[in-house]
Amino acid sequence: MSALVVAVAVAAFLGTLLATSLVPAVLVGAVLVVVARSPVLRPEGTVRLRTEAPPAAVLASFTGPTPPVLAFQWGLADEVVAGDDAVTYQVSYLFGLRSVALTLRSRPESTADGDRVVLEPTANGRPRAPYSATVRPEDGGTAVDVEYVSDRRFGLRRLPQRLLAARYRDEALAVQGYEVVGRESSLGG
């Protein structure tokens, strides 16, 4: 999907080159590279899930090595290593030329709204957006309110990945027994 961003930039460069000359085309290309790499997006949102599983089982799934909301991380991992206080997902990409170690720590807490699990991921030691999942019984099942707010920004080159993930994330949750009741997300910041 990142190749799509590159293809759009090359098409804009070639279109400018064909319409004008080399100097404006180089300027358009330089501006596109800067814009694509500039950290302008800060993802945040909430998701409301519902499941028939009891609250204790839902808490166990969120504090275990494969939390439902991180299915794309553990599902794509080459290796999942569970430690005493964290789990690490080893993921390789670009045909094995690059890899990332995503380490996840979960912290359960009790609140007035229900039991909460805070998921704190780091990728190669750099913090990622934490997730906060509040679990409570509701109508014979369990409701889960998940919040996430990234504390870092991303460039436009990550947008195709987010769009592709958005296409499949509800299905990934449904396969695990969770129905998405509501979702609000934004890329502002």
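What comes next is a walk through the structure.

Procedures and definitions
- Residues numbered from 1 in each chain as written.
- Predicted model: local features only at pLDDT ≥ 70, side-chain atom pairs only at ≥ 80, totals over all residues.
- Heavy atoms only, no water.
- Buried < 20%, exposed > 50% of the residue type's maximum accessible area, 1.4 Å probe, protein only.
- Helix = DSSP H or I, 4+ residues; strand = E, 2+ residues; numbered from the N terminus.
- Arc of directions from axis to C-beta.
- Contact = heavy atoms within 4.5 Å.
- Core = buried A, V, L, I, M, F, W, Y, C linked by side-chain atoms within 4.5 Å.
- Pairing = 2+ DSSP bridges.

1. Overview of helix α3 (residues 55-63)
Stage number 1. If you check which residues of α3 are buried, you get Val58, Leu59 and Phe62. Buried residues along α3 cover an arc of 100° about the axis, so they all sit on one side.
Stage number 2. On the buried face of α3, the contacting elements are β1 (44-51), β4 (98-111), β5 (114-123), β7 (131-138) and β8 (141-149).

2. A word on the nonpolar core
Stage number 1. With 23 residues, the main nonpolar core has Leu49, Phe62, Tyr89, Leu119, Val144, Val146 and Tyr178 as its most contacted residues.
Stage number 2. If you list the elements that add at least two residues to this core, you get β1, α3, β3 (87-93), β4, β5, β7 and β8.
Stage number 3. If we ignore the near neighbours within four places in the chain, the residues touching tyrosine 178 are Leu49, Arg50, Thr51, Val58, Ser61, Phe62, Pro68, Val144 and Leu173.

3. Digging into the pairing of β8
Stage number 1. Note: β1 against β8, 8 bridges, orientation antiparallel. Paired with glycine 45 across the bridge in β8 is tyrosine 148.
Stage number 2. Sheet analysis places β7 next to β8, joined by 8 bridges and oriented antiparallel. From the neighbouring strand, tyrosine 131 faces β8, where its bridge partner is tyrosine 148.
Stage number 3. Between β7 and β8, which pair antiparallel and follow one another directly, the connecting turn spans 2 residues, one of which, aspartate 139, has a positive phi of 50°.

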